[in-house]
Amino acid sequence: MRPYHFRLVFAILAILLSFSAAVAALHSMSANYSSDASHKMFDDFNKAFIKHWKTRTGVEVKIRHAESKPGIPLRVNIDGLDVTSLALSYDPEILQKASKFSLPDWQKPLPQKSPYISTIVFLVRNGNPKKVRDWNDLANPGIEIVTSNPKTSGDARWSYLAAWGYALKQRGGSDVTAIEFIKKIFGNVKTLETGTRSSVTIFVERGIGDVLLIWENEAHQIVKEHGGDKFEIVTPSLSILAEPAVSIVSDAASRNGTREVARAYIDYLYTLKAQEIAASHYYRPRDERIATRYSMQFPSLELFTVDDMFGGWKEARNIHFADGGIFDRIQTHSSALY
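Each value, and the rule that gives it
- Residues numbered from 1 in each chain as written.
- Predicted model: local features only at pLDDT ≥ 70, side-chain atom pairs only at ≥ 80, totals over all residues.
- Heavy atoms only, no water.
- Helix = DSSP H or I, 4+ residues; strand = E, 2+ residues; numbered from the N terminus.
- Buried < 20%, exposed > 50% of the residue type's maximum accessible area, 1.4 Å probe, protein only.
- Contact = heavy atoms within 4.5 Å.
- pLDDT = per-residue confidence, 0-100.
- Pairing = 2+ DSSP bridges.
- Axes fitted to C-alpha atoms, helices over the stretch in contact; angles between N-to-C directions.
- Core = buried A, V, L, I, M, F, W, Y, C linked by side-chain atoms within 4.5 Å.
- Parallel < 35°, antiparallel > 145°, perpendicular 65-115°, else oblique.
- Left-handed = near helix turned anticlockwise from the far one by under 90°.
- Nonpolar A, V, L, I, M, F, W, Y, C, P; charged D, E, K, R; others polar.
- Expected span 1.5 Å × (residues − 1).
- Polar contact = N/O pair within 3.5 Å; in protein donor to acceptor, adjacent residues only side chain to side chain.
- Salt bridge = Lys/Arg side-chain N within 4 Å of Asp/Glu carboxyl O.

Novice: I tried to follow the overall build of the chain on my own but got confused; where do I start?
Specialist: Looking only at helices and strands, the chain features 14 helices and 15 strands. By the burial criterion, 55% of the 338 residues in the chain qualify as buried. A separation of at least 24 residues holds for 75% of the contacts in the chain among residues at least 6 apart in sequence.

The following block contains the structure:
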């Protein structure tokens, strides 16, 4: 069985746009990145954009892919890349320290929505033998959960915060009840891996655990790989909204004289063609027409943002995942959490 190298597309995407050179998509992914789900989606995006730009301007644009290790967004300025899409909203803060970049309209006050989104869902065994329906079921005795460690995995932080947000949203929800809820869920974690790839391998290939906490697009890819006869997807009633932060790296775009095509690339993500591509790769499209077409693929659920629930990623990171933070104290079963 071939290994899985899925990574959420929102990790890092950067594009070098040049009339004479190329468009380069830089993703945060494994060494075997050609099998990465986000790589395949952006292959399709880029092919469609090349055709679109050729029709619009008569200019031929080529594509090459570069790769970066996860969590290294700062190379986009070193590599002269023009557009960057980052996983977490605090990543642009990091990037801004090393380069100047401008945000598109949807990231300014009164924004329009980002071009596509994803969320955390549950992957279960075929037939859902443990009858897992929502986050509260993950806290029940006898449920074996597979996820990665929020201290070492950015993906796992989204799962952790999704569970925390669910607890807060319940009647009488508070930080105290959320802590107890997270304790129960992580008490049911069968194995706490350092990264998402290891968690997927353990659940899918080794058959360990009842539930895998995973990105929706990756869950669909796994079900597709196995023909739908080994796994199924459970969409909880509520989960966390993940959306890319796309921006133009001003220094590079100005230096390369490619601001127009950089802007066009971002705008292209909102077209019906690009929205169809995103949906076909199991990302939730923003365009209502495309979303309606894929409504059976994407069950409705309530989504909350990190900003609304936690005051932003920087605040969430400091409170929950920093050394000595809430997750550390939950792991050590401290009774003095506050």
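Novice: Where do I start with the confidence of the model for the chain in this structure?
Specialist: Interpretation of this model should avoid reading the predicted coordinates in detail wherever pLDDT is low. Averaged over every residue, the pLDDT of the chain is 77; the share at 70 or more is 68%. Across residues 68–92, confidence stays below pLDDT 50; counting only partners more than four residues off in sequence or on other chains, it has 94 contacts.

Novice: What exactly am I supposed to notice about the side chain of Ser153 here?
Specialist: Residue placement: Ser153 occurs in the loop between β8 (145–148) and α4 (154–169). Leaving out residues up to four positions away in the same chain, Ser153 has contacts with Ser148, Thr194, Gly195 and Thr196.

Novice: Is there a simple way to think about the sheet that holds strand β11 (residues 231–234) in this case?
Specialist: Consider a sheet: its strands pair through backbone hydrogen bonds, and that pairing is either parallel or antiparallel. If you trace the five strands from one edge of the open sheet to the other, you get β9-β8-β10-β7-β11, paired in mixed fashion. The outermost strands of the open sheet, each flanked by one partner alone, are β9 (189–193) and β11. Direction aside, the axes of adjacent strands within the sheet are offset by 30 degrees on average. As judged from the two bridges shared by β8 and strand β10 (residues 211–215), these two strands associate in the parallel manner. The partner of Ile145 across the bridge, within β10, is Val211. Together, β8 and β9 form the strand contacts of helix α5 (residues 175–187), whose direction differs from that of β9 by roughly 90 degrees.

Novice: I'm lost on the nonpolar core in this one. Help?
Specialist: What tends to happen in soluble globular proteins is that the nonpolar side chains get buried as a cluster. Residues Phe122, Trp135, Leu138, Tyr160 and Ile185 are the most contacted members of the largest nonpolar core, which totals 40 residues. Of all elements in the fold, only β7 (120–125), α4, α5, β10, β12 (238–240), α12 (306–310), α13 (313–321) and α14 (326–331) reach the threshold of two or more residues within this core. Excluding its chain neighbours within four sequence positions, the residues that come into contact with Trp135 are Ile120, Phe122, Ser159, Ala162, Ala163, Tyr166, Phe181, Ile185, Leu213, Pro236, Leu238 and Ser239. Core analysis: the next-biggest nonpolar cluster, separate from the first, contains 18 residues, Ile50, Trp53, Val61 and Tyr283 among them.

Novice: Even after reading the chapter, I still don't get the packing of α4 against α5, so can you show me in this structure?
Specialist: Any two packed helices are characterised by how steeply their axes cross, that is the angle between the axes, and by the distance between the axes. Between α4 and α5, whose axes approach to 8 Å, the crossing angle comes to 135 degrees. As the angle between them shows, α4 and α5 are arranged oblique. Classified by chirality, the crossing of α5 by α4 is right-handed. In contact with Tyr160, Ala163, Trp164, Tyr166, Ala167 and Leu168 of α4, α5 contributes Asp175, Thr177, Ala178, Ile179, Phe181, Ile182, Ile185 and Phe186. A class-by-class count of the residues in the contact of α4 with α5 yields 12 nonpolar, one polar and one charged.

Novice: Can you help me understand α4 in this one?
Specialist: Residues separated by three or four positions in an α-helix point in the same direction, a consequence of the helix having 3.6 residues per turn. Given a rise of 1.5 Å per residue, 16 residues ought to cover 22 Å, and the 23 Å separating the end C-alpha atoms of α4 matches this to within 8%. With 13 of 16 residues buried, α4 lies mostly within the body of the structure. For α4, the N-terminal cap is Ser153; the gap from its side-chain oxygen to the backbone nitrogen of Asp155 is 3.4 Å.

Novice: Would you mind going over the pattern of salt bridges with me for this structure?
Specialist: Pairs may arise between side chains of opposite charge once their charged atoms sit close together. According to the stated counting rule, one finds 11 salt bridges in the structure shown. Between Arg284 and Glu216 there is a salt bridge, with its nearest N and O atoms 2.7 Å apart. Remark: Glu216 occurs in helix α7 (residues 216–225) and Arg284 occurs in strand β14 (residues 284–285); sequence separation between them is 68 residues. The exposure classification of Arg284 matches that of Glu216, with both residues buried. We note a salt bridge from Glu243 to Arg286, for which the minimum N-O separation is 2.9 Å.

Novice: Just to check I follow, could you spell out the environment of Asn217 for this structure?
Specialist: Inspection of the secondary structure puts Asn217 in helix α7. Between the C-alpha atoms of Asn217 and Arg284, which are 67 residues apart in sequence, the distance is 8.5 Å.

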